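Chain residues, written in single-letter form:
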Amino acid sequence: MTEQPLVEISALDISFTTKSGRVDAVRGVSFTMGRERLGIVGESGSGKSLTARCLLGILPANAEVRSRHIVFDGIRVDTAGEAEMRRLRGRRIGMILQDPKYSLNPLLTVSQQLCEMFSIHRVGNRAEARAKAIDLLRAVGFTDADRVMASYPHELSGGMGQRAMIAMMLMTDPDLIVADEPTSALDVTVKLKVLDTMDRMVRERRMGLVLISHDLNLVAAYCDRILIMYRGRVVETLNSPDLAAARHPYTRALVDSLPRLDRQVDRLKTLDRGADWTRWENAGA
Ligand SMILES: Nc1ncnc2c1ncn2[C@@H]1O[C@H](COP(=O)(O)OP(=O)(O)O)[C@@H](O)[C@H]1O
Ligand SMILES: [Mg+2]
């Protein structure tokens, strides 16, 4: 690969000082990605969201952050000022969160929100914004784009809201989408429709995707490469087709607990935090 990486995170540490002591939430995380689909998997609290959020400069105010560097498309995010970060967020990096209820503004119609995205970043005039919004709503699967444009978020189901959110993120033709548990609030059938839509958009537009989830199966199906996080560290990096060859005990436990269609499983294996995980951790695997 000769083009420069889209994202480069090197030696990222994020910690918090709380009443009950110091919490090292992200410890020595480093990775590089191009315009590929990268999954980040790990149990709740393993540091997935914080790792992704540092790229957008939206960490909690009490976070203590150290890194060698954090670079997005040649731009030093770790040393950038707020004005530069505002230009990146939304314009070049789009973020899709778990619940559209919190990402869409309840007081504005879909049309107003999509078009606002366009005008904030001065991408074009009103007519262009509207035409693009309708195109994108169709692209994410709405056959009645005009009606959806006039709707308020509460008039949309969860899956529709999430697809509207994807359309909104695409208004500025970003280079990277960060999707943090984008379908955790949705039913299984709707979930797949939303993920398929996002996947198609990312491939067609040659964007990078960071897909965060605790669901290894889901991430393996939609990503080229997977980072496995455990207690703030990246403990293993795998190409999705090589999942079966995972070596870290935590990854193995995840793989072994996946429901499989080709054999009868009495009950899902529960994760057993064996002493050998600590050994891996200390080895900085
Ligand atoms: N604002 C905060 N104050 C104190 N600790 C926090 C804060 N935000 C996150 N943390 C700590 O960081 C850990 C990792 O958070 P997060 O990246 O959100 O995990 P994940 O997305 O993998 O579930 C949390 O379990 C918590 O201990
Ligand atoms: Mg999270």
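This one's a predicted model, so the numbers in the text were calculated from it and none came from an experiment.

Asks: If you had to explain the overall build of the protein to someone new, which residues and values would you point to?
Replies: When helices and strands are counted, the protein shows 11 helices and 11 strands. The buried share of the protein, taken over its 285 residues, is 50%. For the protein, long-range pairs separated by at least 24 residues make up 66% of all intrachain contacts whose partners lie at least 6 apart in sequence. Summed over all atoms, the accessible surface of the protein reaches about 14,300 Å², with 49% contributed by carbon and sulfur.

Asks: Let's hear about the packing of helix α4 (residues 110-120) against helix α7 (residues 158-170): which residues, and what values?
Replies: Contact pair α4 / α7: the axes reach a minimum separation of 9 Å and the direction vectors enclose 20°. Considering their axes alone, α4 and α7 lie roughly parallel with respect to each other. With respect to the hand of their crossing, α4 and α7 are arranged in right-handed fashion. Between α4, through Gln113, Leu114 and Met117, and α7, the contact on the second element is made entirely by Ala164, Ala167, Met168 and Met169.

Asks: Please set out the nonpolar core residue by residue, giving values where relevant.
Replies: Membership of the largest hydrophobic core comes to 55 residues, with the highest contact counts inside it found for Leu137, Leu211 and Leu216. Examining the composition of this core, we find that 7 residues originate from one element, α7, more than from any other. Counting 35 residues, the second largest nonpolar core, distinct from the first, contains Val29, Ile40, Leu55 and Leu176.

Asks: Which residues make up the site of ligand 1, and what values do they have?
Replies: The immediate surroundings of ligand 1 are formed by 13 residues, with Gly45, Gly47, Lys48, Ser49 and Leu50 found nearest. Here Lys48 contributes a side-chain N or O atom positioned 2.8 Å from an oxygen atom of ligand 1. Contact with the protein chains covers 67% of the free accessible surface of ligand 1, which is 560 Å². Residue contributions to the shell around ligand 1 peak at 3 residues, all from helix α1 (residues 48-56). Broken down by class, the residue content of the shell around ligand 1 amounts to 5 nonpolar, 6 polar and 2 charged.

Asks: Before we move on, can you summarise the packing of aromatic side chains with the specific residues and values?
Replies: Using the criterion set out here, one finds 1 aromatic pair in the structure. Over the ring of Phe142 we find Arg163, and its NZ or CZ is 4.5 Å from the ring centre.

Asks: So what's going on with the layout of surface pockets? Which residues, and what values?
Replies: Of the pockets and cavities examined, the largest pocket occupies roughly 320 Å³. Residue lining of the largest pocket: 18 residues in total, with Arg89, Gly90, Met117, Met168 and Met169 positioned closest to the centre. Of all the secondary-structure elements, those providing two or more residues to the lining of the largest pocket are α1, β7 (93-96), α4 and α7. No other element matches α4, which puts 4 residues into the lining of the largest pocket. Within the lining of the largest pocket, the residues separate by chemical class into 10 nonpolar, 5 polar and 3 charged.

Reading guide: rules and limits
- Residues numbered from 1 in each chain as written.
- Chains lettered and ligands numbered in written order.
- Predicted model: local features only at pLDDT ≥ 70, side-chain atom pairs only at ≥ 80, totals over all residues.
- Heavy atoms only, no water.
- Helix = DSSP H or I, 4+ residues; strand = E, 2+ residues; numbered from the N terminus.
- Buried < 20%, exposed > 50% of the residue type's maximum accessible area, 1.4 Å probe, protein only.
- Contact = heavy atoms within 4.5 Å.
- Areas by Shrake-Rupley, 256 points an atom, 1.4 Å probe, with all protein chains shown as cover.
- Axes fitted to C-alpha atoms, helices over the stretch in contact; angles between N-to-C directions.
- Parallel < 35°, antiparallel > 145°, perpendicular 65-115°, else oblique.
- Left-handed = near helix turned anticlockwise from the far one by under 90°.
- Core = buried A, V, L, I, M, F, W, Y, C linked by side-chain atoms within 4.5 Å.
- Near = heavy atom within 4 Å.
- Polar contact = N/O pair within 3.5 Å; in protein donor to acceptor, adjacent residues only side chain to side chain.
- Nonpolar A, V, L, I, M, F, W, Y, C, P; charged D, E, K, R; others polar.
- Phe/Tyr/Trp six-rings, centres within 6.5 Å; stacked < 30°, edge-to-face > 60°.
- Lys NZ or Arg CZ within 6 Å of the ring centre and 35° of its normal.
- 1 Å grid on protein atoms, 1.4 Å probe; cavity = no way out; pocket = protein on both sides within 12 Å on 5 of 7 lines; lining within 4 Å.
- Points joined across faces, edges and corners; volume = space filled by probe spheres on them.

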